[in-house]
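Per-entry structural report
Next come the chains, spelled out residue by residue.
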Number of protein chains: 2
Amino acid sequence: MSTPKRTTVYDVAREAGVAASTVSRAFSNPRRVNATTRQHVLEVAERLGYRPNPLASALQSGHTATLAMLVPDIANPHFFGTIRGAERRASAAGITFILGFTEESADTERNQIERLARSVDGFVLASSRMPEATTVDLASEHNLALVNREIDGLPSAVIDNASGSHQIVDHLASLGHRSLVYLSGPHHSWLAGQRWRALHAGAAQRGMGARRLGPFPPQVAGGGAAADAALVSGASAIVAHNDLLAIGILRRLAERGVDVPGEISVVGYDDIFGADFCAPALTTLAGPQEEAGRAAVEILLTKGSPTGVQDSPRRVVLPSHLVIRDSTGPAPG
Amino acid sequence: MSTPKRTTVYDVAREAGVAASTVSRAFSNPRRVNATTRQHVLEVAERLGYRPNPLASALQSGHTATLAMLVPDIANPHFFGTIRGAERRASAAGITFILGFTEESADTERNQIERLARSVDGFVLASSRMPEATTVDLASEHNLALVNREIDGLPSAVIDNASGSHQIVDHLASLGHRSLVYLSGPHHSWLAGQRWRALHAGAAQRGMGARRLGPFPPQVAGGGAAADAALVSGASAIVAHNDLLAIGILRRLAERGVDVPGEISVVGYDDIFGADFCAPALTTLAGPQEEAGRAAVEILLTKGSPTGVQDSPRRVVLPSHLVIRDSTGPAPG
DNA sequence: CTGAAAGCGCTAACAA
DNA sequence: TTGTTAGCGCTTTCAG
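Residues numbered from 1 in each chain as written. Chains lettered and ligands numbered in written order. Predicted model: local features only at pLDDT ≥ 70, side-chain atom pairs only at ≥ 80, totals over all residues. Heavy atoms only, no water.

1. Structural notes on the overall build of chain A
Looking only at helices and strands, chain A features twelve helices and twelve strands. Taking 20 Å as the expected radius of gyration for a compact globule of 333 residues, we find that chain A reaches 25 Å, considerably beyond that expectation. Projecting the C-alpha coordinates of chain A onto the three principal axes gives extents of approximately 90 × 40 × 35 Å. Across the 333 residues in chain A, those meeting the buried criterion constitute 52%. Of all intrachain contacts in chain A linking residues separated by at least 6 positions in sequence, the fraction that spans at least 24 positions is 70%. With the model as given, the accessible surface of chain A reaches about 14100 Å², and the carbon-plus-sulfur share is 50%. In chain A, 31 positive and 32 negative side-chain charges are present, and the distance between their average locations comes to 5 Å. (Helix = DSSP H or I, 4+ residues; strand = E, 2+ residues; numbered from the N terminus. Rg over C-alpha atoms; globule rule 2.2 N^0.38 Å. Buried < 20%, exposed > 50% of the residue type's maximum accessible area, 1.4 Å probe, protein only. Contact = heavy atoms within 4.5 Å. Areas by Shrake-Rupley, 256 points an atom, 1.4 Å probe, with all protein chains shown as cover. Lys, Arg positive; Asp, Glu negative; His and termini not counted. Charge placed at Lys NZ, Arg CZ, Asp CG, Glu CD.)

The structure is reproduced here in structure tokens:
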């Protein structure tokens, strides 16, 4: 509030008997300054309570030491781990972390990027909703790293949903299920496409039937309609687009007096907070979310580094594993 | 990545045949410019793809149009609503929103504040862990608004825990409970103090016994020890510091074969995501979290406004209400 | 290794 | 209402 004139490089310089540029170097380019001089400058700075102004620094240098992460919705616990991983990594590197929400809208996402463009060095886009072309376009002007989305030519960190989906199919097959129904997430969701393709292929290999229904809103509230649709389909196993939806389905099935897993099995994706204490506890595909967030930041950090060369974009694929709980069991009959 | 020379106010000014300051005004001070001129400037700016650089603007004006919210832990769903409310309000005002985590540490919190000080116009401190003195100190140099914490002389938005705690006591009393045990959160938590005081007073009024045990880590994992301690205490009702802890307690009780609410009732605070689908569904104190976040940002926004005068700090108290679910029932015997 | 000087892009007096 | 003139606080050539 009060603005008792901030101490600047000049104040420190005068007091230390050096030039402002030396003070600057002492902070941002330690090697370019004599160790003794630097020590002295730092002491004076400390004494005067000097604090570099990141804005002034960024204005001149072009580097903001800040990065932004854009997430569709904060209320989805699925993003917890990723956010935390990203924040931790950024923090560790002394990078300021901006979190933005896109409200599940590609337009909002795009606007956020344009808006923040000058204030950050790069963006982590989690489960981006933007069309591929738009994203590629933006990537030419901005530093982007994707999480749980892959686009040719762009760096990304994803959790292996293909292999994970196969694990799900194998699990269900081993329990004697002959058919499954995938209750899909948003139509334009890259993840939904991935999951369905793998599920479909895996089921074919195992001689199982597989159908896709939906899209359903990937939230607990979407579970009602999804469950009802699944029941009509006659499949003995439901694979829900994510845990939120799966939990909603579990609820609806309980309301309707359908026994899980006695009459029907339910599987989710993400292993979110709550998946282990809903009733019945949910069988779901888990992955190192935190690691994914960390990796994305890492990518941004190294991209901006001295190499300068834009080698082929890094793509990190993290292993997933199926956590078997109480919502899956032997096929009935 | 590529830096094809950004268009600046000067480019626009030249092209529009006006001075740079006019361009500046057209954007940031529309009234101080002729409507026609402004229109023209905006058109030219649009055509050239001009985008104001917020850093340069902030450096000169001292206003960053950015604010930061500091939260102890992103993994606690309790903060969802508050974060979302704050972000939405900021977004609506065209303010950039920075989210930081303090890892439940007062030191980290303080460091974050110092670190971001120059880059933001104010801070929303959610469930701040800092000692009162430190906070008051910081408030003299920074623009602070507290959420779920009250300190004399500082603006805040809190959910009414006192009245809420009384609601809990009344509910339990009406079910015939003669004693309750409060399983407390962190010792230095302001909320924990509030809750216990109100619980204690309410119980006394109703002629109920009340004991406090703990502190316990306010997480699901803390529930094991908490539940065991509660059982030993012999109380027929448990009030947990928050829902995370309550859910952990529910789990432990289930493991030990203790019937809830048949043998013992359990109440939580916050009505977090999951409180409605754990087993049994949790009776808990709910409040308008989102509103709290919104209010805190609102405070920051108006504080920085033209009034200039620092009237008595605003304190917003939001109503809470008890959501009765299946974890509470008549006292046994 | 260090200093001097010139801005980064914008806004804020002060004139006109 | 608009233009002119200085910077905001820092980094960065370029000399020395």
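Here the narrative resumes, following the displayed structure.
2. Quick notes on the protein's contact with DNA strand D
The environment of DNA strand D is made up of 27 residues, and the closest members are A:Val9, A:Ser24, A:Tyr50, B:Thr22 and B:Thr37. In the environment of DNA strand D, a base nitrogen lies 2.8 Å from a nitrogen or oxygen atom belonging to the side chain of A:Tyr10. Take A:Ser24: an N or O atom from its side chain is 2.5 Å from a phosphate oxygen of DNA strand D. Elements supplying a minimum of two residues to the surface near DNA strand D: helix 1 (9-16), helix 2 (20-28) and helix 4 (54-61) of chain A together with helix 2 (20-28) and helix 4 (54-61) of chain B. Here the residues of the surface near DNA strand D are counted per class, giving nine nonpolar, 14 polar and four charged. (Near = heavy atom within 4 Å. Polar contact = N/O pair within 3.5 Å; in protein donor to acceptor, adjacent residues only side chain to side chain. Nonpolar A, V, L, I, M, F, W, Y, C, P; charged D, E, K, R; others polar.)

3. Section: the sheet that holds strand 8 (residues 237-240) of chain B
All names here are of chain B. Taken together, six strands build an open sheet; the order of strands is 7-6-8-9-10-12 and the sheet is mixed. The outermost strands of the open sheet, each flanked by one partner alone, are strand 7 (209-213) and strand 12 (321-323). The average undirected angle you get between the axes of adjacent strands in this sheet is 20 degrees. Relative to strand 7, strand 6 (residues 179-183) runs parallel, the two being bridged by five bridges. From the neighbouring strand, valine 181 faces strand 7, where its bridge partner is arginine 211. Taken strand by strand, helix 8 (residues 161-174) contacts strand 6, strand 8, strand 9 (265-269), strand 10 (283-286) and strand 12, and its axis lies near 170 degrees from that of strand 9. (Pairing = 2+ DSSP bridges. Axes fitted to C-alpha atoms, helices over the stretch in contact; angles between N-to-C directions.)

4. Some points on the interface of chain A and chain B
Across the boundary between the two partners, chain A contributes 51 residues, which contact 51 residues of chain B. Buried surface at the junction of chain A and chain B, both sides included, amounts to about 4600 Å², of which 58% is carbon and sulfur. Applying the counting criterion to the chain A and chain B interface returns seven salt bridges. A:Arg6 is the salt-bridge partner of B:Glu141, the closest N and O atoms lying 4.0 Å from each other. The tally of links between chain A and chain B comes to twelve residue pairs in polar contact (both at pLDDT 80 or more). Within the residue set of the side of chain A that touches chain B, elements represented by two or more residues are helix 4, helix 5 (80-92), strand 2 (96-101), helix 6 (106-116), helix 7 (132-141) and helix 11 (243-255) of chain A. (Buried area = accessible area lost by both parts, 1.4 Å probe. Salt bridge = Lys/Arg side-chain N within 4 Å of Asp/Glu carboxyl O.)

5. Concerning the domain arrangement of chain A
According to the domain assignment, chain A consists of domain 1 (9-46), domain 2 (66-158 + 289-318) and domain 3 (161-287). Domain 1 of chain A and domain 2 of chain A are separated by 35 Å when their C-alpha centres are compared. (Domains from an automatic or database assignment.)

6. Things to note about the state of the cysteines
Linking two cysteines covalently through their sulfur atoms gives a disulfide. Under the definition given, this model contains zero disulfides over all chains. We note that A:Cys278 lacks a disulfide partner, and the nearest cysteine sulfur, in B:Cys278, lies 10 Å from it. On the basis of relative accessibility, which here comes to 6%, the residue A:Cys278 falls in the buried class. (Disulfide = S-S within 2.5 Å.)

7. Here we look at helix 6 (residues 106-116) of chain B
Residues and elements named next belong to chain B. Buried residues of helix 6: Glu109, Gln112, Ile113 and Leu116, and no others. For helix 6, the buried positions fall inside an angular range of 100 degrees around the axis, keeping them on one side. Sitting at the amino-terminal end of helix 6 is serine 105, which places a side-chain oxygen 3.2 Å from the backbone nitrogen of aspartate 107. (Arc of directions from axis to C-beta.)

8. Re the relation of the copies chain A and chain B
One copy of the chain maps onto the other through a rotation about an axis plus a displacement along that axis. Overlay of chain A on chain B (RMSD 0.1 Å): rotation 180 degrees, translation along the axis 0.0 Å. When the rotation and shift are considered jointly, the pair of chain copies conforms to a two-fold rotation axis. Mapped onto chain B, 100% of the interface residues of chain A are again interface residues, and the two copies thus contact each other with one and the same surface. (Least-squares fit on C-alpha atoms with pLDDT ≥ 70 in both.)

9. What about helix 8 of chain B?
All names here are of chain B. When the terminal C-alpha atoms of helix 8 are compared, their 20 Å separation across 14 residues agrees well with the 20 Å that a helix rising 1.5 Å per residue should span. Looking at helix 8, one finds that the buried residues are Asn161, Gly164, Ser165, Ile168, Val169, His171 and Leu172. On an axial view of helix 8, the arc spanned by its buried residues comes to 160 degrees, and they lie on one face. Measuring from the side-chain oxygen of the N-cap residue of helix 8 to the backbone nitrogen of alanine 162 gives 3.2 Å; that N-cap residue is aspartate 160. (Expected span 1.5 Å × (residues − 1).)

10. Observations regarding the sheet that holds strand 7 (residues 209-213) of chain A
All names here are of chain A. One open sheet accounts for six strands, arranged 7-6-8-9-10-12; its pairing is mixed. The sheet is open, and its two borders are formed by strand 7 and strand 12 (321-323), each paired with just one other strand. Pairwise comparison of adjacent strand axes, ignoring direction, gives a mean angle of 20 degrees for this sheet. Here three bridges tie strand 8 (residues 237-240) to strand 9 (residues 265-269), and the two strands are oriented parallel to one another. Across the sheet, residue isoleucine 238 finds its bridge partner in strand 9, namely valine 266.

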